[in-house]
Amino acid sequence: MTPESQTDARLDDPLQGFEFPTELSANASAVEFVSHLFAVQLPVIAANEPIARLGIDPDGVHQLRAAARRLRCHIRHLDGMLDPSWSEVARGELRWFGLTLGAVRDLEVMRDVLAACAASLPATDVQFLEPLFAIARADRNRARDTMLAALDSERHQQLRHLLADAATKPPVVVESDLDAHSLARHIAERAWRRLERDVQSLGPSPSDPALHHVRLRAKRARFAAEAAVPVCGQRARKFAKAMANVQTVLGSQHDAVVAHYWVRDHAMHEDPQVAFAAGMVAGLLRNAAQSAAREFPVIWAKAARPKLRAWM
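Residues numbered from 1 in each chain as written. Predicted model: local features only at pLDDT ≥ 70, side-chain atom pairs only at ≥ 80, totals over all residues. Heavy atoms only, no water.

A. The arrangement of the overall build of the protein in detail. In terms of regular secondary structure, the protein is built from twelve helices and zero strands. Put simply, the protein runs from its N terminus to its C terminus through helices and strands in the order α-α-α-α-α-α-α-α-α-α-α-α. Summarising its shape, the C-alpha atoms of the protein cover approximately 65 × 55 × 30 Å along the three principal directions. Within the protein, buried positions represent 47% of all 312 residues. Taking as baseline every contact in the protein between residues at least 6 positions apart, the subset at least 24 positions apart corresponds to 79%. Counting only carbon and sulfur atoms, one obtains 53% of the accessible surface of the protein, whose full area is about 15600 Å². Averaging the coordinates of the 39 positive side-chain charges in the protein and doing the same for the 37 negative ones gives two points 9 Å apart. (Helix = DSSP H or I, 4+ residues; strand = E, 2+ residues; numbered from the N terminus. Buried < 20%, exposed > 50% of the residue type's maximum accessible area, 1.4 Å probe, protein only. Contact = heavy atoms within 4.5 Å. Areas by Shrake-Rupley, 256 points an atom, 1.4 Å probe, with all protein chains shown as cover. Lys, Arg positive; Asp, Glu negative; His and termini not counted. Charge placed at Lys NZ, Arg CZ, Asp CG, Glu CD.)

B. Inspection of the layout of surface pockets at higher detail. Size it by volume and the largest pocket reaches roughly 1200 Å³. Lining the largest pocket are 39 residues, and of these Arg-65, Arg-69, Asp-106, Arg-215 and Lys-219 sit closest to its centre. Only helix 4 (59-77), helix 5 (84-118), helix 10 (208-232) and helix 11 (234-266) provide two or more residues apiece to the lining of the largest pocket. Ranked by the residues each element gives to the lining of the largest pocket, the list is headed by helix 5, at twelve residues. A class-by-class count of the residues in the lining of the largest pocket yields 16 nonpolar, ten polar and 13 charged. (1 Å grid on protein atoms, 1.4 Å probe; cavity = no way out; pocket = protein on both sides within 12 Å on 5 of 7 lines; lining within 4 Å. Points joined across faces, edges and corners; volume = space filled by probe spheres on them. Nonpolar A, V, L, I, M, F, W, Y, C, P; charged D, E, K, R; others polar.)

This is the structure:
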């Protein structure tokens, strides 16, 4: 994209002048609720794209990625109400956007995890981790270049238009006879049931992929509950917080597992001191993953209390 076309794209920004919503009335309709689900993510995108471009604060990329994930999750939860051809396109484009951001975000998390492990090593060994940090920095720089190209692309501009249009005129083809309150409860309960079913099938020694799958389910249950807060109130917020706790402990487990395999893949080095330091880090990461996995049942017992779901 040329500088001139980039300028034209910014002038054609669908979020310029968009009236971002502040609240949803308690007696809102199902269609108004759907519109709100899309609309509340638009200011997140508008506010964090400049931050992500600058690259100074990693939270900009994190918030953009979270917005894309929330939107994909909402579209999934609204399956049957939305135009299926629209949903297919929207989910595909949001997946592309999320993966582009995720490549940067995952390497930023990797950097932080490695730094935390380095702080636990003897000072004499920390210097030998520099080759690993150098690889992570180079990979992140390449991922950022790809992300910036995506943000400047016509494809991304079309995605912004798609979302802005959905917020003002949601592509609902099957109008629910439920009001916003009932629809929000229905979506949240369905997300919870799927999560509960998968947790019950884990067994006494769940695998890393199984725990990762439960983490994704917990995240979707959290998103559904957070979306319900405007019409269901503080009880939905408390449940969302409980799901966030589940997501956090399993997120720590997943980050440690991913970092463990990344370090192991890069531990082979001609310098035996580098290989030794990498081996120590890999051991720390495996222990961290196992510790988080052991913590999960305690966090889950608190999050699964029936009183937290009484609003559904």
